[in-house]
Amino acid sequence: MGTPEFPDLGKHCNVEDCRQIDFLPFTCDRCNKVFCLEHRSYTKHLCPNANQQDVTVLVCPLCAKGVRLVPNEDPNITWESHVNSDCDPSNYQKATKKKRCPVPGCKELLTFSNTLRCRDCTKEHCLKHRFGPDHKCPGPKKPDSGFPFVGLLNRSQKRESPSNNSSWWGSSLLTAASNLRASAEAGVQKLSNATTQALQRAKDGTAQSSSGSALVEQCTQCPARFSTVSALIEHAEKSHQHSTQPVQSRVMIDVCPKCSKGFRDPALLVEHVERDHGGSSIT
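What comes next is a walk through the structure. This is a predicted model, so every value here is computed, not measured.

### Observations concerning the side chain of His-235
- As for its placement among the helices and strands, His-235 is situated in helix α5 (residues 229–239).
- Leave out the neighbours within four places in its chain, and His-235 touches Cys-219, Cys-222, Ala-224, Phe-226 and His-240.

Encoded structure:
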């Protein structure tokens with residue numbers, strides 16, 4: 001066996017019926033014996049330690065868990081040990097039951113790539129029924145308390161039947177937005193009417209001062225004081241219209257139609273009418 005140059009070249013196969021000299025022999029990693037190319041596998045040379053590192057798993061029919069068989073141990077003993085220790089029959093439904101889309105009539109299997117969770121009802125649906133109207137989403141379970149339309153949405157849910165759950169999404173938001181816009185327009189219109197009426201009365205000179213009233217209106221250009229706004233305007237036009245001193249631009253005075261009190265800011269006039277005269281500006 002071998003040559004003078006390579007005395008250790010080649011070995012005999014350990015199979016008794018073979019004993020062939022193989023110059024590139026194979027060493028079994030279980031029994032550490034040398035075999036030829038034909039008998040290198042475990043089954044060919046009947047290796048006695050072939051199952052030492054095998055990983056054989058049986059699926060338990062009760063809990064659907066994998067039970068690994070221990071080498072050189074009776075499978076019945078391994079099975080009995082599993083049943084008495086960690087076998088849980090309640091896990092069978094969780095492991096074997098496949099998740100499907102909860103929409104009635106939809107049999108789509110929910111997998112990693114076609115599953116979406118609704119942000120409102122927190123349920124998982126397929127791609128076809130991912131939008132709220134498609135799966136008749138009842139809306140969020142715990143809406144934010146700071147949301148201004150929560151009361152309106154709750155009332156709409158109570159009034160509408162379960163078959164019309166998909167319609168209250170658009171109608172409720174449109175109704176709330178319309179009400180908010182109408183309220184804002186009414187407030188702006190009320191303020192505009194009060195301001196326009198006060199300005200018109202001040203220009204026409206219809207604001208009359210009550211007898212014995214104090215001098216409450218002061219000129220912005222000099223220390224002079226007047227009891228009525230009309231007198232103040234007449235004084236400003238006569239005395240300060242052609243003044244060459246660097247003065248500020250003419251100040252617009254808004255007059256209360258009830259008590260003839262003047263205000264530089266229309267918002268202050270509206271607040272004064274609502275607070276002191278009950279919100280009515282009609283004389």
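### Here's the deal with the packing of aromatic side chains
- Enumeration over the complete set of coordinates arrives at 0 aromatic pairs.
- Here Arg-40 stacks its cationic end above the ring of Phe-26, 5.8 Å away from the centre of that ring.

### With respect to unusual backbone geometry
- Even without being a glycine, Arg-19 presents a positive backbone phi close to 50°.
- Here Arg-19 shows up in the loop between β1 (11–12) and β2 (21–22).
- With phi around 55°, Lys-136 is a residue other than glycine that occupies positive phi space.
- Of note, Lys-136 is situated in the loop between β8 (124–125) and α3 (150–159).

### A closer look at the pattern of salt bridges
- Per the counting criterion, the structure on display carries 7 salt bridges.
- One salt bridge in this structure joins Asp-29 and Arg-30, with 3.0 Å as the shortest N-O distance.
- In the salt-bridge network here, residues are joined through shared partners; they are Lys-99, Arg-117 and Glu-124.

### Here we look at the side chain of His-39
- If you trace the backbone, His-39 turns up in the loop between β4 (34–35) and β5 (57–59).
- Take His-39: its relative accessible area is 13%, and that puts it in the buried class.
- Non-local contacts of His-39, meaning those with residues more than four positions away in its chain, are made with Cys-13, Val-15, Cys-18, Lys-44 and His-45.

The rules behind these values
Residues numbered from 1 in each chain as written. Predicted model: local features only at pLDDT ≥ 70, side-chain atom pairs only at ≥ 80, totals over all residues. Heavy atoms only, no water. Helix = DSSP H or I, 4+ residues; strand = E, 2+ residues; numbered from the N terminus. Contact = heavy atoms within 4.5 Å. Phe/Tyr/Trp six-rings, centres within 6.5 Å; stacked < 30°, edge-to-face > 60°. Lys NZ or Arg CZ within 6 Å of the ring centre and 35° of its normal. Salt bridge = Lys/Arg side-chain N within 4 Å of Asp/Glu carboxyl O. Buried < 20%, exposed > 50% of the residue type's maximum accessible area, 1.4 Å probe, protein only.

Function cannot be inferred from these measures alone, as they are strictly geometric.
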